[in-house]
Amino acid sequence: MDFSLSDEQKLLRKNTAEFLEKNLKPFVREIDNNGEIPVEFFRKAGENGIISPLIKLKYGGPSLSFMDSVIISEEIARIDTSMATSVYYLLNTSWAYVLQKYGKQELKDKLLPEIANGNRFIGIASTEPSGGSDVANIKTTGKIEKGKVIINGEKMYISGAVEAKKNGGGHLTLVKTKEGVGHKGITMVYVPANADGIEITKLNNMGRMGISTSGIKYTNVEVPEENIIGEINEGFYYSMDGFNHARIMVAAACNGLSYKMLEEGLNYIKERKAFGKHLSDFEAISFEAADLRTDIEMAALLNYKAAYLADVEDPDFYIYSSMSKLKSPQIAMDTTKKVMMWFGAYGYTKDSGIEMAARGIFSYLVGAEGALNIMKVIISKAILK
């Protein structure tokens, strides 16, 4: 067993960190306050191969591995602790992967180069007002006729819809194409956000302010049949493949945030004094730091294993990605909360930046890319089969 990164991966981490320090860090608080990530950042990230790293060379991407993508995800979360840029990144990474794997050649030739260079957004539209994790029971319909897919229905809590409409792009959208057969009657279709008949309503989240969360209403929205991803009625399986891989990126972002929060906390307790001693001299705090560091390391190693198994196409990788998604957000939230408490009153102010992280990480606890109890369902079914 080899737990070390390759020289190339160490260089990737170093170069990514330097790029983000220069091109993202100066705008982090502005992103959270204004609710928008600068478009220029996406373009520059695309030029540096870190906006959708799994896209192959022939489509203009860097053709990196899942492990490489995890490294980038960690570094993004270290810099933008609001988690907004992490969400944009994981969507463009994971769902471009699905498009690349299952999409028709004409659609891939059209979209992937634009996604790779940061000019176009791609995400997933599966959640509906009547249910989130119960994908098999979606109500949005897709009627296929005369070379077109006509879509009617509504999606809810969809990330990136405003950005896709404004800057270019769309979502891999799940629609019902056959009634009465549950998940076997679902088709995945790429739907541009600026298609006629789409109405986007932005929601007001408590965190992740830099990327929109919206409801999308489809009224007789027409897209060409070439926009169908893979086979008709197989969309459920493609979406599960995408979610399983996306969870690796989610966990990596959570781990990156955990490392950053603990780093901030350690620096503070080594300098701050109370009752004539540094806070780090009190065992109540230093032992807590030891527990946090151990938990973060365990979470990171589990995530690296999930990424490795995805890279070698091990069929059981999804179990480990679910384990990562189960544990990493909880550890990130716990780390952020305890570090805020070390900081005391200052930790509760926006000047500290810790509150921004706390608001952002909550989205991964409440359900982004799968609720925690859904992860337990997946893991329990796998170990009990």
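Quick caveat: nothing in here was measured; it's all calculated off a predicted structure.

Student: Let's hear about the overall build of the protein: which residues, and what values?
Tutor: Within the protein one finds twelve helices and ten strands. Since a compact globule built from 385 residues should have a radius of gyration of about 21 Å, the 21 Å found for the protein is in line with a globular shape. Projected onto its principal axes, the C-alpha coordinates of the protein cover approximately 80 × 45 × 40 Å. Taking all 385 residues of the protein together, the buried fraction comes to 55%. Of all intrachain contacts in the protein linking residues separated by at least 6 positions in sequence, the fraction that spans at least 24 positions is 74%. Entry remark: accessible area of the protein is about 17100 Å², with carbon and sulfur atoms responsible for 53%. Taken together, the 46 basic and 48 acidic charged side chains of the protein have centroids lying 3 Å from each other.

Student: Help me get a handle on the pattern of salt bridges, residues and values and all.
Tutor: The tally for this structure, following the rule as stated, stands at 19 salt bridges. Of the charged contacts in the structure, one is a salt bridge between Arg359 and Asp32, with a shortest N-O distance of 2.7 Å. Here the residue Arg359 occupies a position in helix H11 (residues 354-366), and Asp32 occupies one in helix H2 (residues 28-34), the gap between them amounting to 327 residues. Asp32 sits in the buried class, given a relative accessible area of 6%. Two residues, Lys101 and Asp241, come together in a salt bridge whose shortest N-O distance is 2.9 Å. Pair noted here: Lys101 is in helix H5 (residues 84-102) and Asp241 is in helix H8 (residues 235-271), with a separation of 140 residues, a long-range link. Several salt bridges converge on common partners, so that one network encompasses Arg13, Glu74, Glu75, Arg78, Lys260, Glu263 and Glu264.

Student: Give me the lowdown on the pairing of strand S1 (residues 121-125), citing residues and values where you can.
Tutor: Most of S1 is tucked away: five of the five residues are buried. Here S1 shows no split at all, with Phe121, Gly123 and Ala125 on one side and Ile122 and Ile124 on the other all buried. When S1 meets strand S4 (residues 169-176), the two strands line up parallel, connected through five bridges. Bridge pairing in S4 places Phe121 opposite Gly169.

Student: Break down helix H1 (residues 7-23) for me, citing the residues and quoting the values.
Tutor: Each α-helix winds once per 3.6 residues, and so residues spaced three or four apart point in a common direction. Helix length check: H1 (17 residues) gives 24 Å between terminal C-alpha atoms against 24 Å at 1.5 Å per residue, within 8%. Those residues of H1 that sit buried are Gln9, Leu12, Arg13, Thr16, Phe19, Leu20 and Asn23. End-on view of H1: buried residues confined to an arc of 140 degrees, all on one side of the axis. Structural note: H1 exposes Asp7 and Lys22 on the side pointing more than 90 degrees away from its buried face. On the buried face of H1, the contacting elements are helix H3 (39-47), helix H4 (66-79) and helix H9 (283-311).

Student: Any chance you could break down a nonpolar patch on the surface for me, citing the residues and the numbers?
Tutor: Together, Met1, Phe3 and Leu301 make up an exposed nonpolar region whose accessible area comes to about 440 Å². Secondary-structure assignment places Phe3 in the segment before H1.

Student: So what's going on with unusual backbone geometry? Residues and values would help.
Tutor: Although it is not a glycine, Arg208 adopts a positive phi angle of roughly 55 degrees. In this fold, Arg208 is placed in the loop between strand S6 (198-202) and strand S7 (213-224). Look at Glu313: it is not a glycine, yet its phi comes out positive at around 60 degrees. Within the secondary structure, Glu313 sits in the loop between H9 and helix H10 (317-343). Judged by relative accessible area, Glu313 falls into the exposed class, the value being 68%.

Student: Lay out the environment of Lys178 with the relevant residues and their values.
Tutor: The residue Lys178 is located in the loop between S4 and strand S5 (186-192) in this model. Separated by 101 residues in sequence, Lys178 and Leu279 place their C-alpha atoms 62 Å apart. Setting aside chain neighbours within four positions, we find Lys178 in contact with Gly185 and Asn233.

Student: With reference to specific residues and values, describe the side chain of Ser321.
Tutor: Secondary-structure assignment places Ser321 in helix H10. Within the structure, Ser321 has its side chain in polar contact with the backbone oxygen of Asn244 (distance 3.1 Å). If we skip the residues at most four places from it in the chain, Ser321 touches Asn244, Arg247, Ile248 and Ala306.

Student: Help me get a handle on H5, residues and values and all.
Tutor: If you check H5, its first and last C-alpha atoms are 27 Å apart, about what 19 residues at 1.5 Å a residue would give, namely 27 Å. Most of H5 is tucked away: 17 of the 19 residues are buried.

Student: Can you tell me about the packing of aromatic side chains, naming the residues and giving the values?
Tutor: Across all of its chains, the model carries ten aromatic pairs by this definition. A cation over a ring is seen here: Lys277 above Phe282, with NZ or CZ 4.4 Å from the ring centre.

Student: How would you summarise the nonpolar core if you had to cite specific residues and measurements?
Tutor: Grouped together as the largest cluster of nonpolar side chains are 102 residues, with contacts concentrated most on Trp95, Leu172, Met188 and Tyr364. A total of 16 residues in this core trace back to one element, the largest contributor, which is H8. With residues up to four places along the chain from it excluded, the contact list for Met188 reads Trp95, Val98, Ile124, Leu172, Thr173, Leu174, Asn227, Ile228, Ile229, Gly235, Tyr238 and Ser239. Among the nonpolar cores identified, the runner-up in size contains 15 residues, and Val149, Ile158, Tyr218 and Ile228 belong to it.

Student: Go over the environment of Asp109 with me, naming the residues and quoting the values.
Tutor: Following the sequence through the fold, Asp109 ends up in helix H6 (residues 105-116). Measuring from C-alpha to C-alpha, the distance between Asp109 and Gly242 comes to 20 Å, with 133 residues separating the pair along the chain.

The rules behind these values
Residues numbered from 1 in each chain as written. Predicted model: local features only at pLDDT ≥ 70, side-chain atom pairs only at ≥ 80, totals over all residues. Heavy atoms only, no water. Helix = DSSP H or I, 4+ residues; strand = E, 2+ residues; numbered from the N terminus. Rg over C-alpha atoms; globule rule 2.2 N^0.38 Å. Buried < 20%, exposed > 50% of the residue type's maximum accessible area, 1.4 Å probe, protein only. Contact = heavy atoms within 4.5 Å. Areas by Shrake-Rupley, 256 points an atom, 1.4 Å probe, with all protein chains shown as cover. Lys, Arg positive; Asp, Glu negative; His and termini not counted. Charge placed at Lys NZ, Arg CZ, Asp CG, Glu CD. Salt bridge = Lys/Arg side-chain N within 4 Å of Asp/Glu carboxyl O. Pairing = 2+ DSSP bridges. Expected span 1.5 Å × (residues − 1). Arc of directions from axis to C-beta. Patch = residues over 30% accessible without salt bridge, like charges linked within 9 Å, V, L, I, M, F, W, Y side chains within 5 Å. Polar contact = N/O pair within 3.5 Å; in protein donor to acceptor, adjacent residues only side chain to side chain. Phe/Tyr/Trp six-rings, centres within 6.5 Å; stacked < 30°, edge-to-face > 60°. Lys NZ or Arg CZ within 6 Å of the ring centre and 35° of its normal. Core = buried A, V, L, I, M, F, W, Y, C linked by side-chain atoms within 4.5 Å.

The quantities given are spatial measurements derived from coordinates; they are silent on function.
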